[in-house]
Each structure stands twice: as C-alpha cells, then as structure tokens.
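Understanding the architecture of this molecule
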Amino acid sequence: MTDSSSQTHTAAQCDTRQNSIYRNSLLLRMCSADLALLQPHLESVSLGLQTHLEVAGSPIRTVYFFESGLGSVVGELRPGIEAEIGIIGCEGMTGSALIMGDDRSTHDCYVQLEARAFVIDAGLFTKALLTSPTLRTFLLRYVHYFHLQASFTALSNARMNIVDRLSRWLVMCDDRVEGNSFAITHEFLSVMLGVRRPGVTIALQTLEGQGLIRSMRGEVVILDRARLIALADGSYGRAEAEYGRLISQLH
C-alpha cells in the first residue's frame, strides 16, 4: 500500500497488529470465542494466479480468509461475456453464500494476484456458524460491505467512462497490496472491467500520460493515488468508509 502525507488510506486497508499471527482483518477483529472455533481448522496456503476458489452453481468446498494478494468475483452472462463484480483482499473472505445460509456460489471466484490465505473446510465453517450466536452476525457485516462494494461497481460500470472506472479499480487494488505496484495483464484487466483489450490499453496510456501511473508489460505502478481517487469521482470511498464503520471500528 502506498504511503502519502497528503492522503489518508481508507479503513478497508488491513490492520497489521504485531501481536497477531493474522493480517486478515476479519480474523483480527473476530471475538476470541469465535476465533477459537475456527482456529484449530485454519490452514495457511499459497494460491497461484487464476486458482479457482468458487465455481458458479457448484457447492462451496473451502472458505478462504485472504492474508495477501487478491481474489476476483466474476459474473458471466454467457461464455466470453463476463466482468468483475467485486474484489477480495486481506479485508475479507470467500464463502459469503455460506454465511447467508446457502451452500453454493452464484459467481466464479478466482485468484487475481498471487495470494496467501488461511483456509477452512466449508463444513467445519458452517458448523462454527451454527455453534456460535455471534459469528454469523459479525460476518454478515462483511457480507453487507461486499454488497455495497458490488453496488458501486455496478453504478460505476453504468455511468462512468473506462478511464475513471480504471482509476477506481487501481485504487482498490492499491488498498489491498503491499507497495505501490502489482502485476496485471491487459487481458486480465479487460475481464475485470468488462471491456475489450484496446480500451484497456488506451485507458492505461491516458493515466500514464497524466503522470498518475507507470504502465509496463504485465505491471502497473501507482504514482499519484490522490489524483486517481479524484478521477474515480465518488465511486471510490463510500463503500470503504462503510467497511470502517461495520468492521474496522469494532473492538
């Protein structure tokens, strides 16, 4: 995550308490009794690029609490017609359907940037939800935030141009990665934003020409986060502030 004296990061960024083995904000802020239900079953894993975490219409087998990297929730109208609905980093988790009482995902979810995560079997996770009177209520706050994020994605896709949408997406990624650069291809960006590759190329060139980013083959470097947020024109910030209210301010 980039640092800037002129820009305060949103509460969606991950807490890094030195006395915890976790970087995932949900595991950090979960009450000790609820964490004790999950902790014996949590396993740390590495996740390679494009690893499928959930498959649309299929039962959820595993729940992932991200420690680093990014996951993408992607909706598909028909083969080849798809777009990103939301992203998950160390502020969140997969398996939202389980929290809401279902056993399968409506959309695909796969790794967008190589990641590490704590994983738990879906059956054991569901058992913990049924055992604790507070765990589901806490995690429903995250599900509510994710729906808010998705609603702003829909709003920006409907009303904003590709350059402004790309600005929002880059800031959201910056919230969830260490440093100010991340590996991403034009092909992947075209799926994330639901546009053709030439449109992605032009948008990246536009932002680079304005000095906001540096775009290299397979990598983007954030140079001016504050101006990217300004270009996002209200589509970034409100959902992130709600995450702060719902999750980050809990003790």
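Below you will find a few notes about this structure. (Residues numbered from 1 in each chain as written. Predicted model: local features only at pLDDT ≥ 70, side-chain atom pairs only at ≥ 80, totals over all residues. Heavy atoms only, no water.)

**Observations regarding the layout of surface pockets**
This is how the line gets drawn: The distinction between a cavity and a pocket rests on a 1 Å grid over the protein atoms alone: a 1.4 Å probe fits inside a cavity but cannot get out, while a pocket stays open yet meets protein on both sides within 12 Å along at least five of seven lines, and a residue with an atom within 4 Å of a point counts as lining. Grid points are joined across faces, edges and corners, and a volume is the space filled by probe spheres set on the points. By the criteria applied, helices consist of DSSP H or I runs no shorter than four residues and strands consist of E runs no shorter than two, each listed in order from the N terminus. Gly falls in the polar group here, along with every residue not listed as nonpolar (Ala, Val, Leu, Ile, Met, Phe, Trp, Tyr, Cys, Pro) or charged (Asp, Glu, Lys, Arg).
For the largest pocket, the calculated volume is near 350 Å³. Put simply, the parts of the chain that give the lining of the largest pocket at least two residues each are β4 (81-88), α3 (96-99), β5 (108-121) and α5 (135-159). With 4 residues, α5 is the largest single contributor of residues to the lining of the largest pocket. Residues that form the lining of the largest pocket fall into these classes: 11 nonpolar, 7 polar and 4 charged.

**Comments concerning the nonpolar core**
What tends to happen in soluble globular proteins is that the nonpolar side chains get buried as a cluster. Test applied: In this description, a nonpolar core means a group of buried Ala, Val, Leu, Ile, Met, Phe, Trp, Tyr and Cys residues linked to one another through side-chain atoms lying within 4.5 Å. Relative accessibility thresholds used throughout: buried, under 20% of the residue-type maximum; exposed, over 50%; partly exposed, between the two (1.4 Å probe, protein chains only). By the convention used here, residues are in contact when the closest approach between their heavy atoms is within 4.5 Å.
If you look at the biggest cluster of nonpolar residues, it comprises 45 residues, and the most contacted ones within it are Leu26, Leu38, Phe65, Met93, Phe125 and Leu139. At 8 residues, the largest contribution of residues to this core is made by α5. Excluding anything up to four places from it in sequence, Leu139 contacts Leu26, Met30, Met93, Ile99, Phe125 and Leu129.

**Re the sheet that holds strand β6 (residues 181-183)**
The test is simple: Strand pairing is assigned whenever DSSP detects at least two bridges linking the two strands. Helix axes use the C-alpha atoms of the stretch in contact, all axes being lines fitted to C-alpha atoms, and the angles between their N-to-C directions lie in the range 0 to 180 degrees.
Here 3 strands make up an open sheet; going across it, the order is β6-β8-β7 and the pairing antiparallel. In this open sheet, the two edge strands, each paired with only one partner strand, are β6 and β7 (213-216). Pairwise comparison of adjacent strand axes, ignoring direction, gives a mean angle of 15° for this sheet. For β7 and strand β8 (residues 219-222), the ladder comprises 4 bridges, and the chain directions are antiparallel. Bridge pairing in β8 links Met216 to Glu219. With respect to the sheet, helix α6 (residues 162-176) is in contact with β6, β7 and β8, its orientation differing from that of β6 by roughly 100°.

**Description of the packing of aromatic side chains**
Our working rule: Any Phe, Tyr or Trp ring, taking Trp's six-membered ring, that has another such ring centre within 6.5 Å forms a pair; planes under 30 degrees apart are called stacked, those over 60 apart edge-to-face, and the others tilted.
For the structure on display, the rule yields 7 aromatic pairs. Ring centres of Phe65 and Phe125 lie 6.4 Å apart, and the angle between their planes is 65°; on these two criteria the pair is classed as edge-to-face. Taken as a pair, Phe65 in strand β3 (residues 62-78) and Phe125 in helix α4 (residues 122-131) lie far apart in primary sequence, 60 residues in all. The residues Phe65 and Phe125 share a single accessibility class, namely buried. Ring centres of Tyr145 and Tyr243 lie 5.0 Å apart, and the angle between their planes is 80°; this geometry places the pair in the edge-to-face category. Residue Tyr145 is found in helix α5, and its partner Tyr243 is found in helix α10 (residues 238-248); the two are separated by 98 residues along the sequence. Of the two residues, Tyr145 and Tyr243, both sit in the buried class. One aromatic cluster is present, built from ring pairs that chain together Tyr142, Tyr145, Phe146 and Tyr243.

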